[in-house]
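Chain by chain, the residues run as shown.
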Amino acid sequence: MANFNKVILAGNLTRDPEMRYTPKGTAVTKIGMAINRTWKSETGETKEEVTFVDVEAWGRQGEVIAQYMKKGRPFLVEGRLKLDQWEDKNTKQKQSKLKVVLESFSFIDSNRGDGGGAPSEAPRSARPAAAPAAASAEAPEAEAAAPEEDDVPF
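Calculation criteria
Residues numbered from 1 in each chain as written. Predicted model: local features only at pLDDT ≥ 70, side-chain atom pairs only at ≥ 80, totals over all residues. Heavy atoms only, no water. Salt bridge = Lys/Arg side-chain N within 4 Å of Asp/Glu carboxyl O. Buried < 20%, exposed > 50% of the residue type's maximum accessible area, 1.4 Å probe, protein only. Pairing = 2+ DSSP bridges. Helix = DSSP H or I, 4+ residues; strand = E, 2+ residues; numbered from the N terminus. Core = buried A, V, L, I, M, F, W, Y, C linked by side-chain atoms within 4.5 Å. Contact = heavy atoms within 4.5 Å. Phe/Tyr/Trp six-rings, centres within 6.5 Å; stacked < 30°, edge-to-face > 60°. Arc of directions from axis to C-beta.

Chemist: Give a detailed account of the pattern of salt bridges, specifying residues and quantitative values.
Modeler: According to the stated counting rule, one finds 10 salt bridges in the structure shown. Notably, a salt bridge pairs Glu-18 with Arg-15, separated by 3.4 Å at the nearest N-O pair. You can call Glu-18 partly exposed: its relative accessible area is 39%. Note that Asp-84 and Lys-82 form a salt bridge whose closest N and O atoms lie 3.9 Å from each other. Of the residues examined, Asp-84 reaches a relative accessible area of 23% and is grouped as partly exposed. For Lys-82, a relative accessible area of 34% corresponds to the partly exposed category. Shared partners join several salt bridges into a network, and the residues in it are Arg-15, Glu-18, Asp-54 and Lys-97.

This is the structure in structure tokens:
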């Protein structure tokens, strides 16, 4: 039987990224995301639910996320689900938590650094579906050179 584990999420960061390094020097960045869902009930009432997801980014991608992202910023993540299991030290009960291990990502807006500046006319979320998969943390500046953003002054 074939197996497939892929997650694509777009939402907002719930906190600033937390970056740490392993003893071997590999960066690990943890972020929290809130993904909103809005719908109309049978009575026509607008309802909303929020799903909170923890995401873990390793290596250079984690460093780039920690450098450019802040709480509240929109973000697109592609990754895989991972179940962490452990035994609570105090109660000795088994605990588990489902998280996303980031494989690739895309900045959805063009606000970088201190959060200043206006969003671009064509938000990154409006790009073709293949764009997020091609996005890489290696050079976020390369995204600014895309043809539809030639008039952006950075």
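Once you've had a look at it, read on.
Chemist: Explain the pairing of strand S5 (residues 74-87) to me, and be specific about the residues and the numbers.
Modeler: Remember that side chains alternate between the two faces of the sheet whenever the strand is regular. Note that strand S1 (residues 7-13) and S5 share six bridges and pair antiparallel. By the bridge assignment, Gly-11 is partnered in S5 with Phe-75. Sheet topology places S5 next to strand S6 (residues 94-107); 13 bridges connect them, and they run antiparallel. Within S6, the residue paired with Leu-83 across the bridge is Leu-98. The antiparallel hairpin formed by S5 and S6 contains six residues in its connecting segment, where Lys-92 sits at a positive phi of about 65°.

Chemist: Describe the nonpolar core, naming the residues involved and giving the relevant values.
Modeler: Among the nonpolar cores identified, the biggest contains 19 residues, and Met-33, Val-55, Ile-65, Phe-75 and Leu-102 are the most heavily contacted of them. Listed by contribution, the elements that provide at least two residues to this core are S1, strand S3 (27-40), strand S4 (46-58), helix H1 (59-68), S5 and S6. At four residues, the largest contribution of residues to this core is made by S6. Residues in contact with Leu-102, not counting those within four places in the same chain, are Val-55, Glu-56, Ala-57, Gln-61, Ile-65, Phe-75, Val-77, Glu-78 and Gly-79.

Chemist: Which residues make up the packing of aromatic side chains, and what values go with them?
Modeler: Inspection of the entire model under this criterion finds four aromatic pairs. Look at Phe-75 and Phe-105: their rings are 5.4 Å apart centre to centre, the planes differ by 35°, and that puts the pair in the tilted class. With a gap of 30 residues between them, Phe-75 in strand S5 and Phe-105 in strand S6 connect regions that are remote in the sequence. For the pair Phe-75 and Phe-105, one class covers both residues: buried.

Chemist: Give a detailed account of H1, specifying residues and quantitative values.
Modeler: The set of residues buried in H1 consists of Gln-61, Gly-62, Val-64, Ile-65 and Tyr-68. Around the axis of H1, the buried residues are gathered within 160° of arc, so they sit on the same side.

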